[in-house]
2 protein chains.
Amino acid sequence: MARWAPDARERLRTAALELFAERGFEATTVPDIVERAGLTRRTFFRHFSDKREVFFGDDEIPALAARAVAAAPADATPFAIAWAGFHALAAERFEPRRAQMQAARRLIESEPALRERDLQKQADLRDALRDGYLLRGVDAFTARVTAGVAVELLQIALERWLADETGTPLVQHLAAGRAGMSDALAHP
Amino acid sequence: MARWAPDARERLRTAALELFAERGFEATTVPDIVERAGLTRRTFFRHFSDKREVFFGDDEIPALAARAVAAAPADATPFAIAWAGFHALAAERFEPRRAQMQAARRLIESEPALRERDLQKQADLRDALRDGYLLRGVDAFTARVTAGVAVELLQIALERWLADETGTPLVQHLAAGRAGMSDALAHP
């Protein structure tokens, strides 16, 4: 029965996130997670390569970014494509999940293993954007620079938005971050 | 004798780098490294927490950055401090070591474990710069944004310089990256 549970992945993920919140990431083991979920270790490893992977879940953002870049109008500039994509992500994914993202951020900051994986996820998004630009015929330099600027901007805006208790929307943090980055680079 | 070898750390590092180059990073084990160095496993773990740490060695760059930020003239802007620091690093550390850095880059790109650690090292530099700015009284937003922009710029310039076979100096890649980042952000 458990082997074929169609929602095994989701049950494992829910159990893991509950346990991480209760006990911390390090103190939670794979046996703890499978026990809470009522599933087997074998099922766990069919769905996830390790404990870190459960935490991050399906990271669809690089794939979404690649599709958005491919689907953008032919005359859109590389940065404008990322900018529009971040606004769509802000409205559809990030704003509705602020509380969960804050809890996840606290856990990430407390665990070096999660921090490393989080940095890798940012690098994956940067690579997905860059590769999407290259497929549109953008030159390699512009593709790399634009992807780097865009992902750093998103990261800055997300950090500030998650730390900000005044309710300022993410899009305002994106605008402020963009202006701040421009100002920094313009300094003599 | 081996236990007290004053140059144990350097011998372990040399042996490890030789073996990584000969066999690849994954195929090299800690026992291989200690055998080549003529030392013990115990000595290895007194100096390094793992195989990845041997590869990266002492990363002094975040500490150098922290000192450079603290020592900068009172009227220097945050970005100008990073910019001057990158020019000093280019001349003193990076240009004389281009061939070794290229070999290291190839290894990093071939190994996910090294890629993650490399990303962590970039994050450490970003945090060191940001914390240095905060100690100078720079506001939290400017400190974070400037550190993020500066480290992404350094990374872009290093990647392009290491891939560039025309002999263009790193400082030119820094200037081009800076202009490219400004241009990207200025797009409508």
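Please read these numbers as outputs of a predicted model, since none were measured by experiment.

## Digging into the overall build of chain A
- Across its full length, chain A carries 10 helices and 0 strands.
- When its helices and strands are written in sequence order, chain A yields α-α-α-α-α-α-α-α-α-α.
- Dimensions of chain A along its principal axes, counting C-alpha atoms only, are 60 × 40 × 25 Å.
- The contacts of chain A with a sequence gap of at least 6 include a subset with a gap of at least 24, amounting to 66%.
- Taken as a whole, chain A presents about 9,100 Å² of accessible surface, with 56% of it coming from carbon and sulfur.
- Where the 26 positive side-chain charges of chain A centre and where its 28 negative ones centre are 4 Å apart.

## Structural notes on the interface of chain B and chain A
- Each side of the interface is counted separately: chain B has 35 residues, and chain A has 35 residues.
- Both faces combined, the contact of chain B with chain A buries some 3,300 Å², and carbon together with sulfur accounts for 56% of it.
- At the junction of chain B with chain A, the criterion picks out 12 salt bridges.
- Here Glu116(B) and Arg117(A) are joined by a salt bridge, their closest N and O atoms 3.5 Å apart.
- Viewed at the interface, chain A and chain B are joined by 9 residue pairs in polar contact (both at pLDDT 80 or more).
- Broken down by secondary-structure element, the contributors of at least two residues to the side of chain B that touches chain A are α6 (78-94), α8 (112-135), α9 (140-163) and α10 (170-186) of chain B.

## Some details on the relation of the copies chain B and chain A
- With an RMSD of 0.1 Å, the operation that places chain B on chain A is a rotation of 180° combined with a shift of 0.0 Å along the axis. Taken together, the rotation and translation describe the operation of a two-fold axis.
- Same-surface contact between copies: 100% of interface residues of chain B are shared with the interface of chain A.

## Quick word on helix α7 (residues 98-110) of chain B
Residues and elements named next belong to chain B.
- For α7, spanning 13 residues, the distance from its first C-alpha to its last is 18 Å, which sits close to the expected 18 Å at 1.5 Å a residue.
- All of the buried residues in α7 are Arg98, Met101, Gln102, Arg105, Leu107 and Ile108.
- Contacts made by the buried residues of α7 are with α1 (8-23), α4 (51-56), α6, α8 and α9.

## Looking at the packing of aromatic side chains
- Under the counting rule described, the total for this entry stands at 10 aromatic pairs over all chains.
- Their ring planes at 45° and their centres at 5.6 Å tell us that Phe44(A) and Phe48(A) sit as a pair that is tilted.
- An aromatic cluster is built from Phe20(A), Phe25(A) and Phe55(A), whose rings are joined through pairwise contacts.
- Its guanidinium or amino end placed over the ring of Trp83(A), Arg178(A) lies 4.7 Å from that ring's centre, counting from NZ or CZ.
- Its guanidinium or amino end placed over the ring of Phe25(B), Lys51(B) lies 4.5 Å from that ring's centre, counting from NZ or CZ.

## A short note on the side chain of Glu111(B)
- One can find Glu111(B) in the loop between α7 and α8.
- Nearest to the buried, unbridged Glu111(B) among oppositely charged side chains is Lys51(B), at 7.1 Å.

## Description of the pattern of salt bridges
Residue and element names in this part refer to chain B.
- Per the counting criterion, the structure on display carries 36 salt bridges over all chains.
- Linking Glu22 and Arg36 is a salt bridge whose minimum nitrogen-to-oxygen distance equals 2.9 Å. Linking Glu22 in helix α1 with Arg36 in helix α2 (residues 30-37), this pair joins segments that are 14 residues apart in sequence.
- Arg130 is paired through a salt bridge with Asp127; the nearest N and O atoms lie 3.7 Å apart. Of this pair, Arg130 and Asp127 both sit in helix α8, 3 residues apart, which is roughly one turn of that helix.

What counts and what doesn't
Residues numbered from 1 in each chain as written. Chains lettered and ligands numbered in written order. Predicted model: local features only at pLDDT ≥ 70, side-chain atom pairs only at ≥ 80, totals over all residues. Heavy atoms only, no water. Helix = DSSP H or I, 4+ residues; strand = E, 2+ residues; numbered from the N terminus. Contact = heavy atoms within 4.5 Å. Areas by Shrake-Rupley, 256 points an atom, 1.4 Å probe, with all protein chains shown as cover. Lys, Arg positive; Asp, Glu negative; His and termini not counted. Charge placed at Lys NZ, Arg CZ, Asp CG, Glu CD. Buried area = accessible area lost by both parts, 1.4 Å probe. Salt bridge = Lys/Arg side-chain N within 4 Å of Asp/Glu carboxyl O. Polar contact = N/O pair within 3.5 Å; in protein donor to acceptor, adjacent residues only side chain to side chain. Least-squares fit on C-alpha atoms with pLDDT ≥ 70 in both. Expected span 1.5 Å × (residues − 1). Buried < 20%, exposed > 50% of the residue type's maximum accessible area, 1.4 Å probe, protein only. Phe/Tyr/Trp six-rings, centres within 6.5 Å; stacked < 30°, edge-to-face > 60°. Lys NZ or Arg CZ within 6 Å of the ring centre and 35° of its normal.

The quantities given are spatial measurements derived from coordinates; they are silent on function.
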